[in-house]
Amino acid sequence: AISFDQYYRYDEINSYLEELAAKYPNLMTLESIGKSYEGRDMVVIKISSGGSGTRPAILIDGGIHAREWIAPATALYVIYQLVENNAANSALTDAVDWYILPVLNPDGYEYSHTADRMWRKTVSVTPISGCPGVDGNRNFGFHWNEVGASDYPCYEDYAGEVAFSEIEARNLRDFALAHKEQIKLYLTFHSYGGYLLYPWGYTSELPPDWHTLQELAADASLAHLNAGGDPFTIGSSTNVLYAAAGGSDDYMKGVAGIELSYTAELTDTYYGFQLPAELINETVTRFFESARVFGSYVKENF
Ligand code: 0X9
Ligand code: ZN
């Protein structure tokens, strides 16, 4: 059984997911969406109680930034609740499918465990030897590298030599595009700071439906507050955090046409990226209440 008082290595996460899929074959299936740069399988799990792929769906990922360990942990907790605790959460899976990719940057995630706790990027080779890695969240091909990103490989926000230079970004792109008719909401987990961000990150202009994005986020934040968490700061990425183009959130809305697209910058603000393992449990359980709100919204509106 899994517990949420420790951070897991990539292999441990995948072993757990395989066990779950074997135990709940009618609810959960595993799919590799391709391999990472270093050859790790990138595993998306599908949670579906039926409906043969016609139900509205939610796509969740975590861990595009290696050091943000609470992001994969939260994605894993959502899986755990929806699958192992389905008796209590069946309302979230009876009309909505969930696609969850807990670790989008597995090579970087492992590197942050073995070599450099503060690693952010992928680990691919760049034109400057000694400066590997691309910021995955600057690598998506929508207004790529226009603002808040760097051309210089040694910087943390290096956008890559071209859009989608990174296999991990391409694998997520291809998966999302293949399911874009079904996916109504995209949620990407990051840390830290307690924000719920919606597009755009490339411009201070707001999407036409920003009011819907704002209100749904406010509901999700209220659920987080009621669960004992802090309210989230809500707004467009550019307007409440900073301008940065090439993010997965902007791509999912701007190109894949997924109406509702959010970046969750999970808590906290004190420990930052190095959230102690003792705080995982309260962080993920509180956020699950927000996830419920997103799930109910998709169920009721699509
Ligand atoms: O800079 C980022 O990629 C995200 N913040 S983090 O501290 N986790 O690195 C924010 C991304 C918000 N979305 C866009 N700018 N598109
Ligand atoms: Zn991040």
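Everything that follows concerns the structure shown earlier in this document.
An account of the accompanying structure is given in this report. (Residues numbered from 1 in each chain as written. Chains lettered and ligands numbered in written order. Predicted model: local features only at pLDDT ≥ 70, side-chain atom pairs only at ≥ 80, totals over all residues. Heavy atoms only, no water.)

**Overview of the site of ligand 1**
- Lining the immediate surroundings of ligand 1 are 17 residues, of which Arg120, Arg138, Tyr242, Asp249 and Glu265 lie closest.
- Take Arg120: an N or O atom from its side chain is 2.5 Å from an oxygen atom of ligand 1.
- Between ligand 1 and the protein, one listed contact pairs an oxygen atom with a side-chain N or O atom of Tyr242 at 2.5 Å.
- Across the complex, the protein chains shield 95% of the 420 Å² of accessible surface that ligand 1 would expose by itself. (Near = heavy atom within 4 Å. Polar contact = N/O pair within 3.5 Å; in protein donor to acceptor, adjacent residues only side chain to side chain. Areas by Shrake-Rupley, 256 points an atom, 1.4 Å probe, with all protein chains shown as cover.)

**Notes on the sheet that holds strand S5 (residues 183–191)**
- The mixed open sheet is built from 8 strands, whose spatial order is S1-S2-S4-S3-S5-S8-S6-S7. Only two strands of the sheet have a single partner each, and these edge strands are strand S1 (28–35) and strand S7 (233–236). Direction aside, the axes of adjacent strands within the sheet are offset by 20° on average.
- In the sheet, strand S3 (residues 57–62) pairs with strand S4 (residues 97–101) via 5 bridges, with the strands oriented parallel. What sits directly across from Leu59, in S4, is Tyr99. (Pairing = 2+ DSSP bridges. Helix = DSSP H or I, 4+ residues; strand = E, 2+ residues; numbered from the N terminus. Axes fitted to C-alpha atoms, helices over the stretch in contact; angles between N-to-C directions.)

**Describing empty space enclosed by the protein**
- According to the stated counting rule, one finds 3 cavities of 30 Å³ or more in the structure shown.
- Looking at the largest cavity, its volume works out to about 60 Å³.
- Lining the second largest cavity, in full, are Gln6, Tyr7, Tyr8, Ile13, Trp69, Pro72, Ala73, Leu76 and Tyr109.
- Looking at the lining of the second largest cavity element by element, the count peaks at 3 residues for helix H2 (residues 70–83). (1 Å grid on protein atoms, 1.4 Å probe; cavity = no way out; pocket = protein on both sides within 12 Å on 5 of 7 lines; lining within 4 Å. Points joined across faces, edges and corners; volume = space filled by probe spheres on them.)

**Let's talk about the state of the cysteines**
- Inspection of the entire model under this criterion finds 1 disulfide.
- Each sulfur of the disulfide joining Cys131 and Cys154 lies 2.1 Å from the other. Here the disulfide of Cys131 and Cys154 is right-handed, its torsion about the S-S bond being about 95°. Of this pair, Cys131 sits in the loop between helix H4 (106–114) and helix H5 (167–178) while Cys154 sits in the loop between H4 and H5, placing them 23 residues apart in sequence.
- According to the relative accessible area criterion, Cys131 is buried, its value standing at 15%. (Disulfide = S-S within 2.5 Å. Buried < 20%, exposed > 50% of the residue type's maximum accessible area, 1.4 Å probe, protein only.)

**Re the layout of surface pockets**
- Each pocket or cavity is described by its volume, and for the largest pocket that value is around 390 Å³.
- Lining the largest pocket we find 24 residues, and of these Arg120, Arg138, Leu241, Tyr242 and Glu265 sit closest to its centre.
- Mapped by element, the contributors of at least two residues to the lining of the largest pocket are S5, strand S6 (195–198) and strand S8 (260–266).
- Grouping the constituent residues of the lining of the largest pocket by class yields 8 nonpolar, 9 polar and 7 charged. (Nonpolar A, V, L, I, M, F, W, Y, C, P; charged D, E, K, R; others polar.)

**Thoughts on the coordination of the zinc ion (ligand 2)**
- The coordination sphere of the zinc ion (ligand 2), as far as protein atoms go, consists of His65 (ND1), Glu68 (OE), Glu68 (OE) and His190 (ND1), spread over 2.0 to 2.3 Å.
- We note that the donor set of the zinc ion (ligand 2) lies within a single chain, spaced as H-x2-E-x121-H. Taken together, the residues His65 in the loop between S3 and H2 and His190 in strand S5 connect sequence positions 125 residues apart. Across the pair, exposure class does not vary: His65 and His190 are buried alike. (Donors = N, O, S within 2.8 Å, 3.2 Å for Na, K, Ca; no water.)

**Some remarks on the nonpolar core**
- Counting residues in hydrophobic clusters, the biggest one holds 60 residues, and the most contacted among them are Trp98, Ile100 and Tyr262.
- In terms of residue count, the dominant contributor to this core is H2 (10 residues).
- Those residues within four positions of Tyr262 in sequence are excluded, and the remaining contacts are Leu185, Tyr186, Leu187, Thr188, Leu197, Tyr198, Thr212, Leu213, Leu216, Ala217 and Phe294.
- Ranked by size, the runner-up nonpolar core spans 23 residues in total, among them Ala57, Phe140, Phe164 and Tyr186. (Core = buried A, V, L, I, M, F, W, Y, C linked by side-chain atoms within 4.5 Å. Contact = heavy atoms within 4.5 Å.)

**Section: the side chain of Glu166**
- Here Glu166 shows up in the loop between H4 and H5.
- An unpaired buried charge is present at Glu166: no salt bridge exists, and Arg170, the closest side chain of opposite charge, is 6.4 Å distant. (Lys, Arg positive; Asp, Glu negative; His and termini not counted. Salt bridge = Lys/Arg side-chain N within 4 Å of Asp/Glu carboxyl O.)

**Quick notes on the pattern of salt bridges**
- Evaluation of the coordinates by the stated rule reveals 12 salt bridges.
- Across the pair Glu38 and Arg40 runs a salt bridge whose closest N-O atoms are separated by 2.7 Å.
- Overall, the relative accessible area of 26% leaves Arg40 in the partly exposed class.
- When the shortest N-O distance is used, the salt bridge between Asp107 and Arg40 registers 2.8 Å. Of this pair, Asp107 sits in helix H4 while Arg40 is found in the loop between S1 and strand S2 (41–47), placing the two residues 67 residues apart along the sequence.
- Through salt bridges with shared partners, one network takes in Glu38, Arg40 and Asp107.

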